[in-house]
Amino acid sequence: MEGGLGWVLAAYAVVLAVLTGYAGSLVGRRRRLLRELEAARGRGASRPG
Amino acid sequence: MRFLLVAGTTLAVALWLIGRARAGRDASTRGIGLAALASLGLWLAMVVFYAPVEAVQGLVQKIFFVHVPNVLPAYLGFVLTAIGGIGFLRTRRAHWEALAVAGAEVGLVFCSLILLTGPIWAKPVWGHWWVWDLRLTSTLILWFIYLAYLFLRAFAFGSDAARTFSSVYGIAGVLAIPFVYFAVDLARGDTLHPVDPAREGLPPEMAWTITVGLIAFALAFGWLAARRLEIARLEAALLDAGDA
């Protein structure tokens, strides 16, 4: 691409993709853990004794 | 002035994360998240509209502004791993381990970005994706050190001896950072990698753009590491709930 614009766009796209992908994975892991924690506490509360 | 802004932000992010880890609770990350987004937007606008096109490399030199800002969060993450390791060895409290793991994982993400953006810049400028010189090789070794650390943590989960060992490993790993940073000086000219641009001197427009980039990436690191800390705490709570 003219003047190296392709290289520049590739570098910025890689950083954007990795950071947003990682941030998204953290948000997803947090939601899943919150759901699992709620379920585990629910099981604990319903256990006799 | 620029150095103080970057150093102050980095120190503030580090102290904020240590404070969060020690407090053992998860206050809102909205403030740092918004600050990170605003500064990332400003940085990107400065890269496109403010920083001039360099005379020798041309447009490709703009990769500099997205390559260099990854260095500080990577080093900061690994330093927090060492601080977390020291804290854990002294107190045996789990929140220090959470800080150590968060620092290593988020630091490794930024270290990966150094290793990904470097070759994209190197290919059009040097003609090679990769050369085995001291700076590039030592950065790759640093990446492997912390990848191994995360594997160690994952596989040695729960064992007290393994927790001690991984804490010591995390403290020892940080000793590689000065070697990586000064690798260009140690190579005594036998390297294609340029020295730290801050030491070389940059035109003011480029210097301010890279300053804003360093601040923006430090803030983004803070947000990501805070989220990772929260996940470590939730994992521990889930284990406790399962044991109860």
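Residues numbered from 1 in each chain as written. Chains lettered and ligands numbered in written order. Predicted model: local features only at pLDDT ≥ 70, side-chain atom pairs only at ≥ 80, totals over all residues. Heavy atoms only, no water.

A. Broad picture of the side chain of His95 of chain B. Residues and elements named next belong to chain B. Here His95 shows up in helix α5 (residues 94–126). For His95, a relative accessible area of 14% gives the class buried. Within the local environment of His95, its side chain forms a polar contact with the side chain of Trp96, the two groups lying 3.4 Å apart. With sequence-adjacent residues up to four places away left out, His95 is seen in contact with Ala21 and Arg22. (Helix = DSSP H or I, 4+ residues; strand = E, 2+ residues; numbered from the N terminus. Buried < 20%, exposed > 50% of the residue type's maximum accessible area, 1.4 Å probe, protein only. Polar contact = N/O pair within 3.5 Å; in protein donor to acceptor, adjacent residues only side chain to side chain. Contact = heavy atoms within 4.5 Å.)

B. Quick look at helix α2 (residues 30–50) of chain B. Residues and elements named next belong to chain B. Over its 21 residues, α2 extends 28 Å from the first C-alpha to the last, a length consistent with the 30 Å expected when each residue adds 1.5 Å. Among the residues of α2, Ile32, Gly33, Ala36, Ser39, Trp43, Met46 and Val47 are the ones counted as buried. All buried residues of α2 fall inside an arc of 155 degrees around its axis, so they share one side. For α2, the exposed residues lying more than 90 degrees away from the buried face are Arg30, Gly31, Leu34, Leu37, Ala38, Val48 and Phe49. (Expected span 1.5 Å × (residues − 1). Arc of directions from axis to C-beta.)

C. Structural context of the interface of chain B and chain A. Each partner contributes residues to the interface: chain B has 34 residues there, and chain A has 25 residues. Here chain B and chain A share an interface that buries about 2600 Å² over both sides, 79% of which is from carbon and sulfur atoms. Broken down residue by residue, the surface that chain B buries against chain A is led by Ile231, Leu234 and Leu238 of chain B, which jointly contribute 20%. Here chain B and chain A share two salt bridges between them. Taking the shortest distance from any N to any O, the salt bridge between Arg29 of chain A and Glu105 of chain B comes out at 3.1 Å. Put simply, chain B and chain A have four residue pairs in polar contact (both at pLDDT 80 or more) between them. Of all the elements in the fold, those that place two or more residues in the side of chain B that touches chain A are α2, α3 (64–67), α5 and α11 (204–243) of chain B. Here the side of chain B that touches chain A is built from residues that sort into 25 nonpolar, two polar and seven charged. (Buried area = accessible area lost by both parts, 1.4 Å probe. Salt bridge = Lys/Arg side-chain N within 4 Å of Asp/Glu carboxyl O. Nonpolar A, V, L, I, M, F, W, Y, C, P; charged D, E, K, R; others polar.)

D. Representation of the packing of aromatic side chains within the structure. Following the criterion strictly, the structure yields 15 aromatic pairs over all chains and no others. Where Phe64 of chain B meets Phe65 of chain B, the ring centres are 5.1 Å apart and the plane angle is 70 degrees; that geometry is what we call edge-to-face. With respect to burial, Phe64 of chain B and Phe65 of chain B carry one shared label: buried. With 6.2 Å between their ring centres and 55 degrees between their planes, Phe110 of chain B and Phe221 of chain B make a pair best called tilted. With Phe110 of chain B in helix α5 and Phe221 of chain B in helix α11, this residue pair connects regions lying 111 residues apart in the sequence. Like Phe110 of chain B, the residue Phe221 of chain B is buried in the burial classification. Taken together, Tyr12 of chain A together with Trp43, Phe110, Phe217 and Phe221 of chain B form an aromatic cluster joined through their ring pairs. (Phe/Tyr/Trp six-rings, centres within 6.5 Å; stacked < 30°, edge-to-face > 60°.)

E. Representation of the packing of helix α1 (residues 2–23) of chain B against α5 of chain B. All names here are of chain B. Contact pair α1 / α5: the axes reach a minimum separation of 8 Å and the direction vectors enclose 145 degrees. In this structure, α1 crosses over α5, and the sense of that crossing is right-handed. Only His95, Trp96 and Leu99 of α5 make contact with α1, whose side of the interface consists of Leu17, Ile18, Ala21 and Arg22. (Axes fitted to C-alpha atoms, helices over the stretch in contact; angles between N-to-C directions. Left-handed = near helix turned anticlockwise from the far one by under 90°.)

F. Quick look at unusual backbone geometry. Residues and elements named next belong to chain B. Positive phi is not limited to glycine here, since Arg92 has a value of about 60 degrees. By secondary structure assignment, the location of Arg92 is in the loop between α4 (71–91) and α5. Classification of Arg92 by relative accessible area gives partly exposed; the value is 36%.

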